[in-house]
Amino acid sequence: MSVSGNTDIDITGICIDSRNIQPGNIFIALKGSATDGHQFIEKAITDGAIAIVCEILPEIKKPEIVYIQVSNGAVAAGITAHNFYGNPSSKVKLLGVTGTNGKTTVATLLYQLFSNLGYKCGLLSTVQNHIGSQVVPATHTTPDAVQLNQLLKLMVDEGCSHVFMEVSSHAINQQRIAGLEFEVGIFTNISHDHLDYHKTFDEYIRVKKLFFDTLPKKAYAITNIDDRRGVVMVQNTNATVKTYSLKTVSDFKGKILDNGIMGLHMVVDEQEVHFRLIGEFNAHNLLAAYGAAICLGHDKYEVLQTLSVLNGAEGRFEYVISPSEKIIAIIDYAHTPDALLNVLATIRKLKKGFEQVITIAGCGGNRDKTKRPVMAEVACEQSDKVIFTSDNPALKMPVKLLKKWKLACPRPQEENVYQ
Ligand SMILES: CC(=O)N[C@H]1[C@@H](OP(=O)(O)OP(=O)(O)OC[C@H]2O[C@@H](n3ccc(=O)[nH]c3=O)[C@H](O)[C@@H]2O)O[C@H](CO)[C@@H](O)[C@@H]1O[C@H](C)C(=O)N[C@@H](C)C(=O)N[C@H](CCC(=O)O)C(=O)O
Ligand SMILES: Nc1ncnc2c1ncn2[C@@H]1O[C@H](COP(=O)(O)OP(=O)(O)OP(=O)(O)O)[C@@H](O)[C@H]1O
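The structure contained in this document is the topic of the report that follows. These figures come from a predicted structure and were not determined experimentally.

## Examining the overall build of the protein
Counting its regular elements, the protein contains 13 helices and 20 strands. In summary, the protein has a C-alpha radius of gyration of 23 Å against a globular reference of 22 Å for 419 residues, a match within 12%. Overall size of the protein, expressed as C-alpha extent along the three principal axes, is 75 × 60 × 40 Å. The 419 residues of the protein split such that 43% are buried. Pairs at least 24 residues apart make up 60% of the contacts formed inside the protein by residues separated by at least 6 positions.

Structure representation (structure tokens):
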């Protein structure tokens with residue numbers, strides 16, 4: 001690292017996007033997938049940045065500006081944000097959940113569990129963020145390093161003792177979690193997803209594993225050993241490894257006795273429990289949440305009793321039963337072949353007495369295209385009827401094409417802008 005300029009200055013905030021600079025900010029130039037933040041250093045200074053963190057120094061430096069050259073801008077952003085906001089992750093018990101499916105469910109279960117146990121908690125998830133009981137909309141599964149540390153500080157200020165967060169593979173790769181002090185890391189599972197971003201499955205596994213490789217010694221790494229990659233995930237971690245399984249000997253062992261529309265009947269660590277959640281994958285999610293609570297020193301019976309009354313996350317196997325009880329609508333966020341298969345296989349197992357399974361499914365546009373035919377195959381194999389929708393096209397369609405097809409512009413949204 002090299003520093004030039006007068007460092008005795010007051011910084012008003014950290015910014016990684018020149019479009020949002022406020023006077024007195026420090027601007028961190030990040031290399032991205034679409035553009036390079038280094039191109040916007042001049043603009044950031046014009047708009048009021050007084051310090052610049054960058055990997056490559058500009059050719060002409062302004063004498064009144066502090067320049068900090070670093071070898072990795074993304075790591076610097078994480079560490080700078082963590083320091084600027086007073087190391088908030090060290091003031092709470094921070095638990096991170098990673099995996100292709102189940103992150104939202106497990107993080108939400110933990111949030112509900114610890115809130116019901118009487119703690120003030122924070123939640124960072126795809127569906128929404130919670131600062132105690134206050135709800136803040138979520139833009140990402142894992143926010144960027146600055147927003148993330150800002151939210152963690154708000155949680156600390158609000159008196160939260162525990163924070164549960166989803167850790168996406170994008171976030172690990174882009175160092176959004178750099179500098180955070182996790183007490184527990186949980187692995188749910190890994191399957192075909194996000195190959196538009198990671199390119200190969202091996203690379204996707206490597207990135208997920210980095211989360212566990214960087215956990216500190218005093219932390220716990222809790223892994224699902226029913227997943228083929230469950231052991232590999234934690235093989236290089238310094239943290240204490242704990243395992244959970246429905247099939248084999250493990251630290252947190254579960255067995256399903258009955259899996260019906262009214263919930264799961266299980267044995268968890270020799271204790272029989274009825275849960276409201278449905279489906280084998282939720283048995284794994286419940287075991288993950290249970291294991292984390294036990295690692296944090298909580299009483300087994302209290303934890304199981306509390307988990308047994310939880311409903312889980314919004315849009316994750318939520319169900320509505322018609323008054324005649326002849327139609328059950330299940331709303332589920334499954335958006336990978338594996339998740340869809342899990343959901344439909346679960347429904348088929350619960351199907352007793354129902355005539356047909358009708359699936360309505362779609363795939364978001366402008367993302368991983370390779371999973372679409374696989375998902376279609378799964379939907380057709382597992383259902384009596386399938387209705388495919390276009391879901392969210394999420395593409396930037398050229399205006400001339402829009403005109404040609406006489407398409408109206410939908411309400412512009414960040415994720416769905418037709419230009
Ligand atoms: C592919 C991806 O993850 N992209 C993220 C990435 O954007 P990027 O690399 O494309 O950035 P870029 O546009 O090239 O710009 C590079 C840098 O220049 C800066 N810039 C850019 C333009 C400008 O005028 N001025 C300026 O300073 C940008 O702020 C950025 O710091 O860095 C941005 C800032 O942190 C993120 O907002 C952005 O998330 C986009 C919006 C996104 O959709 N990400 C998704 C795929 C994502 O992260 N998803 C995961 C969950 C996945 C899942 O499990 O489903 C998530 O954690 O949410
Ligand atoms: N442990 C699991 N194993 C497999 N599938 C699961 C599991 N938990 C949930 N699912 C299925 O995957 C879908 C996504 O679940 P959830 O939102 O909890 O995962 P996620 O990892 O947060 O996904 P995303 O980050 O994309 O939101 C659910 O709707 C459900 O169908």
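Let us keep going from here.
## A word on the nonpolar core
With 106 residues, the main nonpolar core has Phe27, Ile28, Leu110, Ala289, Tyr290 and Ala292 as its most contacted residues. Here this core takes 9 residues from helix α9 (residues 280-295), the largest share from any one element. Aside from chain neighbours lying at most four places away, what touches Ala289 is Val106, Leu109, Leu110, Leu113 and Leu307.

## Let's talk about the site of ligand 2
Ligand 2 sits among 22 residues. The nearest are Asn101, Gly102, Lys103, Thr104 and Ala339. Counting only elements with at least two residues in the shell around ligand 2, the list comes to α3 (103-116), α9 and α11 (337-350). Of the residues assigned to the shell around ligand 2, the class counts are 6 nonpolar, 12 polar and 4 charged.

## Here we look at the packing of helix α2 (residues 73-84) against helix α4 (residues 145-157)
Packed helices, taken two at a time, are described by the angle their axes make and the gap between the axes. Relative to each other, α2 and α4 sit at 20°, their axes nearing to 8 Å. Judged on the interaxial angle alone, α4 and α2 are roughly parallel. Note that α2 runs across α4; the crossing there is right-handed. When α2 is examined against α4, the residues Ala77, Gly78, Ala81 and His82 are found in contact with a partner set consisting of Ala145, Val146 and Asn149. In the contact of α2 with α4, the residues fall into 4 nonpolar, 3 polar and no charged.

## Topic: α4
Taking 1.5 Å as the rise per residue, α4 with 13 residues should run 18 Å; its terminal C-alpha atoms sit 18 Å apart, in good agreement. Within the span of α4, buried status applies to Ala145, Val146, Leu148, Asn149, Leu151, Leu152, Lys153, Met155 and Val156. Gly159, located one to two residues past α4, shows a positive phi value of around 95°.

## Quick look at the pairing of strand β3 (residues 25-28)
Here is the key point about a regular strand: its side chains alternate between the two faces of the sheet. Where burial is concerned, the two faces of β3 agree: the one with Asn25 and Phe27 and the one with Ile26 and Ile28 are both buried. By the bridge criterion, 3 bridges tie strand β2 (residues 13-15) to β3 in an arrangement that is parallel. What sits directly across from Gly13, in β3, is Asn25. Direction of pairing for β3 relative to strand β4 (residues 51-54): parallel, over a ladder of 3 bridges. Across the sheet, residue Ile26 finds its bridge partner in β4, namely Ala51. Crossover handedness for the path β3 to helix α1 (residues 41-46) to β4: right-handed.

Parameters at a glance
- Throughout this description, residue numbers start from 1 for each chain and increase along the sequence as written.
- Chain A is the first chain written and ligand 1 is the first ligand written, with later ones labelled in order.
- Totals for whole chains, interfaces and linings use every residue, but because this is a predicted model, local features are given only for residues with pLDDT of at least 70 and side-chain atom pairs only at 80 or more, for both listing and counting.
- Starting at the N terminus, helices and strands are each numbered in turn, a helix being any DSSP run of H or I of at least four residues and a strand any DSSP run of E of at least two.
- Radius of gyration here is computed from C-alpha atoms only, and the compact-globule reference equals 2.2 Å multiplied by the residue count raised to the power 0.38.
- Here a residue counts as buried when 20 or more other C-beta atoms fall within 10 Å of its C-beta, as exposed when 12 or fewer do, and as partly exposed in between; the C-beta atoms come from the backbone.
- Working definition of a contact: two residues with C-beta atoms, positioned from the backbone, lying within 7 Å.
- Any set of buried Ala, Val, Leu, Ile, Met, Phe, Trp, Tyr and Cys residues joined through C-beta atoms within 7 Å is what this text calls a nonpolar core.
- Nearness is defined per residue: the C-beta atom, placed using the backbone, must lie within 6 Å of the molecule or strand.
- In this classification, Asp, Glu, Lys and Arg are treated as charged, Ala, Val, Leu, Ile, Met, Phe, Trp, Tyr, Cys and Pro as nonpolar, and every other residue, Gly included, as polar.
- For every element, the axis is a line fit to its C-alpha atoms; helices are fit only across the contacting stretch, and the angle between N-to-C directions ranges from 0 to 180 degrees.
- Angles below 35 degrees are treated as roughly parallel, those above 145 as roughly antiparallel, those between 65 and 115 as roughly perpendicular, and all remaining angles as oblique.
- Each crossing gets its hand from how the near helix is turned against the far one by less than a right angle, where anticlockwise is left-handed and clockwise is right-handed.
- To estimate how far a helix should extend, the number of its residues minus one is multiplied by 1.5 Å.
- When DSSP finds at least two bridges between two strands, those strands are taken to pair.
- Orient the strands so they point away from the viewer; a crossover is then right-handed if the path from the first strand over the helix to the second runs clockwise.

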